[in-house]
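Letter by letter, the chains look like this.
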Amino acid sequence: MARDVWITGIGLISSLGEGTDATWAALQSGGLRDEWSDHESLAPFHIHPIRDLDVSKYIPKRGDQRAMGPFMHYGACAAGMALEQAGIAGEEKLLGETHLIVGCGGGERDEAADQTILEQLDKTNDKGPALNELLLNELRPTLFLAQLPNLFAGNISIVHGVTGSSRTFMGEESAGVDAMRIAFERVQADQGDLFLVGSAFNAARRDILAIYKPGGMIAEGPLAPFWERPQRGMCLGSIGVFLVIEAAPHAETRGVKPIAKLSGILSDRANRKRGSSRQLAEHQWADLKPMMQDAPFGVLSGACGAGSLLREELGFLETMGKNARVRGTGAAWGHGVEAAFPANIALAAIAAQHQSLFPPLSPEQPLERSAAKESISQVLVTQWGHQRGEALGLVEHVDA
Amino acid sequence: MSKKAVAITGIGMITSLGQGKEENWAKLSGGQSGIHRLTRFSIDNMRTTVGGSVDFVDIENLSAPALSHAMARLAILEALGESGLVQDGDFPGQLFLAAPPVEQEWTQRFEFAENVPGDGRSYTDILANMPEDREDLHDDFLYGTIADRLADEFGTQGSPITLSTACASGATAIQLGVEAIRRGSCKAALSVGTDGSMHPESLVRFSLLSALSTDNEDPAATAKPFSVNRGGFVMAEGAAALILEDVDAAKARGATILGYVRGCGEAADTFHRTRSDPSGNAIIRCLESALSDAGMSAADIDYINAHGTGTPENDKMECLAIENVFGEHAAKTPVSSNKSMIGHTLTAAGAIEAAFSLLTLKHQTLPPTINHKEPDPAIPLDVVPNEARTANVKSIMSNSFGFGGQNVCLILSSEPD
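Residues numbered from 1 in each chain as written. Chains lettered and ligands numbered in written order. Predicted model: local features only at pLDDT ≥ 70, side-chain atom pairs only at ≥ 80, totals over all residues. Heavy atoms only, no water.

### Quick notes on the overall build of chain A
Okay, step 1: Broken down by element type, chain A carries 15 helices and 13 strands.
Okay, step 2: For chain A, whose C-alpha radius of gyration is 21 Å, the value lies close to the compact-globule estimate of 21 Å for 400 residues.
Okay, step 3: When the backbone C-alpha atoms are referred to their principal axes, chain A occupies close to 70 × 50 × 40 Å.
Okay, step 4: With 400 residues in all, chain A has 68% of them scored as buried.
Okay, step 5: Contacts in chain A between residues far apart in sequence, at least 24 positions, make up 80% of those at least 6 positions apart. (Helix = DSSP H or I, 4+ residues; strand = E, 2+ residues; numbered from the N terminus. Rg over C-alpha atoms; globule rule 2.2 N^0.38 Å. Buried < 20%, exposed > 50% of the residue type's maximum accessible area, 1.4 Å probe, protein only. Contact = heavy atoms within 4.5 Å.)

Dropping the structure here:
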């Protein structure tokens, strides 16, 4: 018999604000707010930045702060919030049995150093020896560590004292999904009681655009409404998110109340050359459907904003029927890649706890139906990767 | 209480010693080194000029992801051939891939710069002049692409997982497979470690951390694990693939079982980003949890395949942990380092060394720690110095410790219980 899986702590930071309360409050006004996006800093690109994060609250040591770049700061702060809410922060015994699983990328190159090297080598034909010398002079050892994906988890262990275990999944959107899925499956199967799972993404950097722009999905110039965007419709967003995933009996024994129940995470990959994301998603929906009540439910879509995927996912979302209240959260906080799915699971948990959904973000899209005055106790989360990977999760209200 | 063992029915590998397990075992057990002077790129101005790069795989556009993919493929083909576990052209299980973090490299950045008219070379200039129809520049450098391409080719089931626990990654790939089979998520798993990330910047980065040996004179003698004059690790490349199966399922299809994963242990260190807790706390917990998971005691272990990087810090800490966990058995249990011959294959190391451990079981021969001319008096272990040794070996501990405090230990055995 599979054990119940509870969410007992959430840390969430995005362009919408810091913490679950601020995030939920920001969403209540309805529609999108200008301050959630930034069209100037990296123009002609659009980003959803995290502004003015005071990292010292969760990363008190200056040395630790310096050892990390922004995406690690976002993650370490979100992890601190989640541990605090779950009553684990500072509790050595509990931290010793906490398994850390993250899904993240790396990078955050020193853009100025790269520019210097490119300028210096511009007229050099035999670039090899000069490149070696420049790299030895320009690269900072601490920066290398701040660029390694596994050091994201390593730094969280160091800052917060999480010592149970530490694993890092890589691979864009699916990395965030599978980090959650493996924690969920292991709790269900009694392969661990307590997990700290999450991700972070920093959109306010140009080196990441150098990887994404050649893929032909990054938006530039004037933006269309979210669900109507062309293929080049993806705007990246900075997000830090962590959840404490706990076996229900373990939480009960230590007297901790659930925020919500995690009831399913299905993750797979369609061979997009051979089949389609929609077919796979329909199979996933058929698997979860027997768990759905005959009542309005939320659907937080992790759509990345690229037109062809938006259209295909809308086709799938239409098949969910009249009870579905869809919200494309990427319109609000951008596409957080590895962090996108965990962030929507976090938001789904907050909604399930409140037993309500926030107003439509893109009211012009008919599937973003109003949920005003409706009781929402089940929230689905979709995640189709911009390049690969399809996932569907279910979060449910649980009486605390 | 021990948990259920998981069968291994196929292995494949490639290292600087060569391609395939037979060639690799012949050379490894013969005490031969794969470390050589680097020729792939200019070594002018480099502090370290030797490594265990794999230079004999044909690749059109060489990059870390391209070579990592090619080596993983070759290792998987060999492992699948041995296990015979294919149904309707597909692998009936999940893929767990330990792969290096990738990003665009200097080849790509130079190309970007060439596209910019005028003198500007900032990322703003690069982005303004970047082609949008170059899917290769995007997909080739995503973290999930190698696993995606392997999943397409070998028909693995579900969402493939790409992971990193730094130098413990290969062992984590095996641990994830063991867990998935134990909880009934799948009957089989393809656990792979691959690393083809030797390029100028990666060499410089490890140099700047003072992690690499600069003893460049005789490449084959550079890696000196457990010696008093050891000066760091030697960067290297390679890949290994292991086919893991539910024991009953493997027996039911009449598969030849090469060995069993009896237990896996892990623990995270919070002491420092590149150094372990001087008390050895985390690695001791890691070794103990692997033994506990296997339901075994230190006395049941016949040989330890060490992490043995050859850095002053690692070898000292590993010895401390072994002495702590093995007590009176520490001095009697042989411990050797494959890295003395193949270098440190980083992300792939845990998988390659698990594969070598299975070959150790098969041949009942302990591979040596070569270049062990000046023993470290602070390391009173039997390191199987310089020459292989025949031995009765039934159960092996294989250690992997990573930067960032991620430690994994596997217990491999010729018997399931």
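From this point, the discussion proceeds with the structure in view.
### Remarks on the packing of helix H12 (residues 277-288) of chain A against helix H13 (residues 307-318) of chain A
All names here are of chain A.
Okay, step 1: Axis separation between H12 and H13 bottoms out at 9 Å; the angle between their running directions is 30°. Judged on the interaxial angle alone, H13 and H12 are roughly parallel. Between H12 and H13 lies a crossing whose hand is right-handed. Residues Ser277, Arg278, Ala281, Glu282 and Trp285 of H12 form the contact with H13, whose own contacting residues are Glu312, Gly315 and Phe316.
Okay, step 2: Here the contact of H12 with H13 is built from residues that sort into three nonpolar, two polar and three charged. (Axes fitted to C-alpha atoms, helices over the stretch in contact; angles between N-to-C directions. Parallel < 35°, antiparallel > 145°, perpendicular 65-115°, else oblique. Left-handed = near helix turned anticlockwise from the far one by under 90°. Nonpolar A, V, L, I, M, F, W, Y, C, P; charged D, E, K, R; others polar.)

### Observations regarding the domain arrangement of chain B
Residue and element names in this part refer to chain B.
Okay, step 1: The domain boundaries assigned to chain B delineate domain 1 (6-103 + 141-413) and domain 2 (107-139).
Okay, step 2: One C-alpha centre belongs to domain 1, the other to domain 2; they are set 37 Å apart.
Okay, step 3: Counting residues at the interface gives six residues for domain 1, matched by six residues for domain 2.
Okay, step 4: For the pair domain 1 and domain 2, the two sides together bury roughly 530 Å², of which 39% comes from carbon and sulfur.
Okay, step 5: Considering only the side of domain 1, the residues that lose the most area to domain 2 are Phe141, Leu142 and Arg149, jointly responsible for 71% of the buried surface there.
Okay, step 6: Counting across the domain 1 and domain 2 interface gives two salt bridges.
Okay, step 7: A salt bridge links Arg149 to Asp139; its shortest N-O distance comes to 3.1 Å. (Domains from an automatic or database assignment. Buried area = accessible area lost by both parts, 1.4 Å probe. Salt bridge = Lys/Arg side-chain N within 4 Å of Asp/Glu carboxyl O.)

### Some words on unusual backbone geometry
Residues and elements named next belong to chain A.
Okay, step 1: Here Ala43 and Pro44 are connected by a cis peptide whose omega angle stands at 10°.
Okay, step 2: In this structure, Pro44 sits in the loop between helix H1 (20-27) and strand E3 (47-48).
Okay, step 3: One non-glycine residue, Lys373, adopts positive backbone phi at about 60°.
Okay, step 4: Mapped onto the elements of the fold, Lys373 is located in the loop between helix H15 (340-354) and strand E12 (378-384).

### Considerations on the packing of aromatic side chains
Okay, step 1: Taken as a whole, this structure holds 10 aromatic pairs over all chains when the rule is applied.
Okay, step 2: Taken together, a centroid distance of 6.1 Å and an interplanar angle of 35° make the contact between Phe316 of chain A and Trp384 of chain A tilted. Separated by 68 residues along the polypeptide, Phe316 of chain A in helix H13 and Trp384 of chain A in strand E12 bring together distant segments of the chain.
Okay, step 3: Under the relative-accessibility criterion, Trp384 of chain A is labelled buried at 2%.
Okay, step 4: Note on Trp106 of chain B and Phe110 of chain B: the rings are 5.8 Å apart at their centroids and 45° apart in plane angle, and the pair reads as tilted. Of the two residues, Trp106 of chain B and Phe110 of chain B are both situated in helix H3 (residues 106-115); the distance of four residues between them amounts to about one turn of the helix.
Okay, step 5: Put simply, the rings of Phe144 of chain A together with Phe206, Phe233 and Phe403 of chain B touch in pairs and so form one group of aromatic residues.
Okay, step 6: Over the face of the ring belonging to Phe110 of chain B we find Lys127 of chain A, whose NZ or CZ atom lies 5.3 Å from the ring centre.
Okay, step 7: Against the face of Trp106 of chain B rests Arg109 of chain B, its NZ or CZ located 4.7 Å from the ring centre. (Phe/Tyr/Trp six-rings, centres within 6.5 Å; stacked < 30°, edge-to-face > 60°. Lys NZ or Arg CZ within 6 Å of the ring centre and 35° of its normal.)

### Considering the side chain of Thr9 of chain B
Residues and elements named next belong to chain B.
Okay, step 1: With respect to the secondary-structure elements, Thr9 resides in strand E1 (residues 6-15).
Okay, step 2: The class for Thr9 is buried, based on a relative accessible area of 1%.
Okay, step 3: Those residues in contact with Thr9, other than ones at most four positions away along the chain, are Glu82, Ser83, Ile243, Glu245, Ala250, Arg253, Ala255, Thr256, Ile257 and Leu258.

### Concerning the domain arrangement of chain A
Okay, step 1: The domain architecture assigned to chain A consists of domain 1 (5-106 + 148-396) and domain 2 (112-141).
Okay, step 2: Computed from C-alpha atoms alone, the centre-to-centre distance between domain 1 of chain A and domain 2 of chain A is 38 Å.

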